[in-house]
Amino acid sequence: KANDAIPALTTVWDRLDDNAANVIILSNGALAIRDSIQRHFHDDLQNKQIITSTTTHGAYTKEVNINDDTNADYCIVHAGDGLTYSTDSKFINACQRVGWNCGTLSEFEMNMMLWKKLAANCVINPLTAIHGVKNGQLLHLENNDITITHILQEVSSVATLEMESFIQEQEDDMKIQLLRAIREELSVDFLKKFVAKVMADTAENVSSMLQDVNANKTTEVRFL
C-alpha cells in the first residue's frame, strides 16, 4: 500500500546496489509515492532509479486453518490476470518470462495512464468507503454524479497542468500532438467515461479503501 512504501524501503535501502538498483512502484498513488521516496531519500538516491509502473493483476491472502500444514503462512490467491505496464524494459521482460500480460510504455504514456488510474481511485475508493458499497453500486447512487464531477474537475486541472509542464522540452510539432492528447484524455468528460467503465468492469469488487475502513486500517486517502 502507498503508506507502507517508505517504511518498507527503509528496511532494505542500505542493501540496494548504488549502481543498478531499480525501485518499481506498482501501488495506487504511484506518482505521490515516487515524490515521497525522492523527498525522503533525497541525499542518498545517487544512481538508484525510482520507476513508476502499474498493474491490474489481482491477488489477496487467503484465510486458512492454522492447523493446516500446507504453507499456511503464505497462501496467496491470484484473483485475476490483469495488465502490467512499466517504463523499465528489463522489468517487463521478467514479467513476460513468468507469463504475465504486460508491455513497456514511454514515460509520457505511463504518466498519462497513472493520472487516469488516479482519477478512478479518487472517485471509487473514497466514495465506496463513505457509502459502504461495491464499486458498481456507485453508478446508481442518487446525486452521486455531482460529487464525481467535482472530484474529476480537480483531478483534471491538476493532471493537465502537470502533464503540460512535463512536455515543455519537446519539439513544437510533437508538443502540439501531445497537448492534444493531454487535453482530450485528461478532460472531465473523458475521465467520467473512463471512471464509469472501471466501475462497470469491477462492479462486484470491494475497493481496497472500503476493506481498510472495515478492518480499521490506515487508508491510502492522503496519497490520493
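Residues numbered from 1 in each chain as written. Predicted model: local features only at pLDDT ≥ 70, side-chain atom pairs only at ≥ 80, totals over all residues. Heavy atoms only, no water.

Right, let's talk about the environment of Gly-99 for a bit. Mapping Gly-99 onto the fold places it in the loop between helix H3 (89-97) and strand E6 (101-104). Overall, the relative accessible area of 58% leaves Gly-99 in the exposed class. (Helix = DSSP H or I, 4+ residues; strand = E, 2+ residues; numbered from the N terminus. Buried < 20%, exposed > 50% of the residue type's maximum accessible area, 1.4 Å probe, protein only.)

On the secondary structure map, Leu-186 appears in the loop between helix H6 (172-185) and helix H7 (188-201). Residue class for Leu-186 comes out buried when judged on its relative accessible area of 1%. Here the alpha-carbon distance between Leu-186 and Met-113, two residues 73 residues apart in the chain, equals 9.9 Å. Aside from chain neighbours lying at most four places away, what touches Leu-186 is Met-112, Trp-115, Lys-116, Ser-156, Ala-159, Thr-160, Met-163, Ala-181 and Leu-191. (Contact = heavy atoms within 4.5 Å.)

What follows concerns the pattern of salt bridges. As enumerated under the stated definition, the model contains 7 salt bridges in all. For Lys-192, the salt bridge goes to Asp-145, with nearest N and O atoms at 3.5 Å. Remark: Asp-145 occurs in helix H5 (residues 144-166) and Lys-192 occurs in helix H7; sequence separation between them is 47 residues. Judged by its relative accessible area of 25%, Lys-192 is partly exposed. Overall, Asp-145 belongs to the partly exposed group, its relative accessible area being 47%. For Asp-201, the salt bridge goes to Lys-197, with nearest N and O atoms at 2.6 Å. Note that Asp-201 and Lys-197 are positioned in helix H7 at a spacing of 4 residues, about one turn of the helix. (Salt bridge = Lys/Arg side-chain N within 4 Å of Asp/Glu carboxyl O.)

Our next topic: the nonpolar core. One finds Ile-37, Val-123 and Val-195 to be the most contacted residues of the largest nonpolar core, which totals 43 residues. Those elements that place two or more of their residues in this core are helix H1 (5-12), strand E1 (22-25), helix H2 (30-40), helix H4 (107-131), H5, H6 and H7. It is H4 that provides the largest number of residues to this core, a total of 12 residues. With sequence-adjacent residues up to four places away left out, Val-195 is seen in contact with Ala-119, Ala-120, Val-123, Ile-124 and Leu-152. (Core = buried A, V, L, I, M, F, W, Y, C linked by side-chain atoms within 4.5 Å.)

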